[in-house]
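Coordinate analysis (summary)
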There are 2 protein chains.
Amino acid sequence: MPDKPIIPEALSCPLPIMDHDTIQLAHGAGGKLSAQLIEKLFLPRFGNQTLDKLEDQAVLELPPGRLAFTTDSFVVEPIFFPGGDIGDLAVNGTVNDVAMSGAQPLYISVGFILEEGLPMETLHRILLSMEATARAANIVVVTGDTKVVNRGKCDQIFINTSGLGVVPEGVNISAANLQPGDKVIISGTVADHGMAVMTTREGLSFQSRVTSDTAPLNGLVKAMLAVTPEIHALRDPTRGGLATSLNEFARSSQVGISLEEGAVPVRPEVNGACEILGIDPLYVANEGKLVAVVPGQQSAAVLKAMRQHEYGRDAAIIGEVTSINPGLVTMRTGLGASRIVDMAVGDQLPRIC
Amino acid sequence: MPDKPIIPEALSCPLPIMDHDTIQLAHGAGGKLSAQLIEKLFLPRFGNQTLDKLEDQAVLELPPGRLAFTTDSFVVEPIFFPGGDIGDLAVNGTVNDVAMSGAQPLYISVGFILEEGLPMETLHRILLSMEATARAANIVVVTGDTKVVNRGKCDQIFINTSGLGVVPEGVNISAANLQPGDKVIISGTVADHGMAVMTTREGLSFQSRVTSDTAPLNGLVKAMLAVTPEIHALRDPTRGGLATSLNEFARSSQVGISLEEGAVPVRPEVNGACEILGIDPLYVANEGKLVAVVPGQQSAAVLKAMRQHEYGRDAAIIGEVTSINPGLVTMRTGLGASRIVDMAVGDQLPRIC
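Definitions and limits used
Residues numbered from 1 in each chain as written. Chains lettered and ligands numbered in written order. Predicted model: local features only at pLDDT ≥ 70, side-chain atom pairs only at ≥ 80, totals over all residues. Heavy atoms only, no water. Helix = DSSP H or I, 4+ residues; strand = E, 2+ residues; numbered from the N terminus. Buried < 20%, exposed > 50% of the residue type's maximum accessible area, 1.4 Å probe, protein only. Lys, Arg positive; Asp, Glu negative; His and termini not counted. Salt bridge = Lys/Arg side-chain N within 4 Å of Asp/Glu carboxyl O. Contact = heavy atoms within 4.5 Å. Expected span 1.5 Å × (residues − 1). Bend = angle between axes of the 7 residues up to and from the residue. Least-squares fit on C-alpha atoms with pLDDT ≥ 70 in both.

What follows is about the side chain of B:Asp236. Note on placement: B:Asp236 falls in the loop between strand S9 (233-235) and helix H7 (241-253). We note that B:Asp236 is buried and unpaired, the nearest opposite charge coming from B:Arg235 at a distance of 6.2 Å. Not counting residues within four places of it along the chain, the set of residues in contact with B:Asp236 comprises A:Asp56, B:Gly93, B:Asn96, B:Asp97, B:Met100, B:Ser245, B:Lys289 and B:Leu290.

In structure tokens form, the structure reads like this:
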């Protein structure tokens, strides 16, 4: 059975009294029940000056600068898993995609697709979790949408979030910016999220104690940029895991990336679960980790700043960028040999986010 | 059977050769098949300088001004219907939500949730339709996301779009801006979209010839704002129809809205279909219509400009804003009596968009 999500005490408020205990088709039809859902469930969680206007769009004042804009849909199964749920995942996922441009995320939209019959209590739990996460990430929900589909036509709840943030001047982060001599830094242990979901799904969660790392990384990125704006590339290795993100970097920049075997941190319990299920942790999704590529000279200072941040305590340099093997990621084994770390062909971990 | 969507000749290109004829779970797993889907299907349709970078977020240069930001998920059933499909609906719906702030829509995100087994040909047809619509609306797809869920866990395809546009200076459109003496203008016939979907679903499409009005309204809004920036309120009456939009206006502004019976244009074939199905056209979704509230003095000039635009040819003044009955919408019947036009309770038309 999935664990209950951790909801801060102050936010664990009871479900308001509603006309229905479960989601009805009419909750998505734009009439009175839609209005009740918005007024009783959504506004108490997300309400703010912009959202309260209930216009069909948010009109926002933004500071000048380049805008980062991103979208993600979340279909994770199960919707509650050790360490999180689809709600905090949906907020953190988009916060992190915005943050990986170096931007501070400011605004987020939330689009729900709900299955007829979803218990109102389940939706409320997810909303409480989204509220707590949005506060932690310091991001404001400014616009939203709710659709309801007939029973059996979706899987309880899907959530889309889109995010906006302003990229600071002088920051230019891109997968195409890698230079030979750069160092590759991971912000912590890999494969936690994917294995938390997989072990829950396989009924192994009790013995494995594997917990999702779902977390907002905008604060960590801010701390890194305070050391140097010269961060070449950033990515949160979600679907496809670290191996896929690094392959995308190597291709975009036409450089090689050489990893040191044993340098990539993996929790023992995650490693154990990976072995049981026959999965390589390099290909498993993370939801609270980033991989950064920084010039060699700045790498020690950036690493130090990362380790001082709560979401970067286990940060480690795991490899470097080379001019040989352009487009490829390789792993140097203990004996001095090298193997290619390819992109995932990947149907091993569907619906991980 | 649903009609085929109308795809301009130049865009009806054949499906590229892919490894699979149908969507696999791996197409959403972030690995090689995800990359193939993006490279072979998505980029040829939507490719541009920003999207081609394949970063996890778009970094955009925007002109200064207030930003309009909106999101919508589309779950329409059936996905192809007379006059359109889920693809053009997803583009037009978000273009219109942005445009209803007075903004010109500039950028759009696209998030797909695909069902395992969806024919690649179906996805391709939808993409061609989205491409044509994005061109017509002059909007650029800058970021996207694709998830795949197991067979039976969604209904072929759901699409989320989020949109961005810049609100021109001096424009201040809001549901809270209505003033007594304002005129209410509808841009054309109501209930076309909803009845096109409903008659298709009920197997009545052949005899009814009812066609969706799905269209991008940003050009029409621009033409109206060229007459006067003093447009008080704008909304595209989708779910819940015209009656719901007007009720929202009346509540937000705490004014009355008095409609003239017989003034709201409805196509005869739509009226006929509404009668057969026992549905009031005032509550039926439109996807290419807007309702505007403008000061009485400007109403004639705005109406004239609307009628000169291809999406406003049947525009009509349908009522006025009053200080009596605040918060209520009423309809004056031929005999001088009045009835209340309430908000829809509304489960009559699920999954209309």
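A few words now on unusual backbone geometry. Residue and element names in this part refer to chain A. Pro78 follows Glu77 through a cis peptide bond whose omega is 5 degrees. The topology assignment puts Pro78 in the loop between strand S2 (66-74) and strand S3 (80-81). One non-glycine residue, Ala191, lies in positive phi territory at about 80 degrees. In this fold, Ala191 is placed in the loop between strand S8 (183-186) and helix H4 (192-201). Taking the relative accessible area as the measure of exposure, Ala191 reaches 0% and is therefore buried.

Let us now look at helix H1 (residues 32-46) of chain B. Residues and elements named next belong to chain B. For H1, spanning 15 residues, the distance from its first C-alpha to its last is 20 Å, which sits close to the expected 21 Å at 1.5 Å a residue. At Glu39, H1 is deflected by roughly 35 degrees, the largest bend along its length. Taken together, the buried positions of H1 are occupied by Leu33, Ser34, Ala35, Gln36, Leu37, Leu41, Phe42, Leu43, Arg45 and Phe46. Buried residues in H1 make contact with strand S5 (104-115), helix H3 (120-137) and strand S6 (140-149).

All right, on to the relation of the copies chain B and chain A then. Superposing chain B onto chain A takes a rotation of 180 degrees plus a shift of 0.0 Å along the axis, which leaves an RMSD of 0.0 Å. Each copy turns onto its partner about a two-fold axis. In terms of C-alpha distance to the rotation axis, chain B has B:Cys154 as its closest residue, with the C-alpha 2.1 Å off the axis. Interface overlap between copies is the fraction of interface residues in one copy that are interface residues in the other; for chain B against chain A it reaches 99%, indicating a shared surface.

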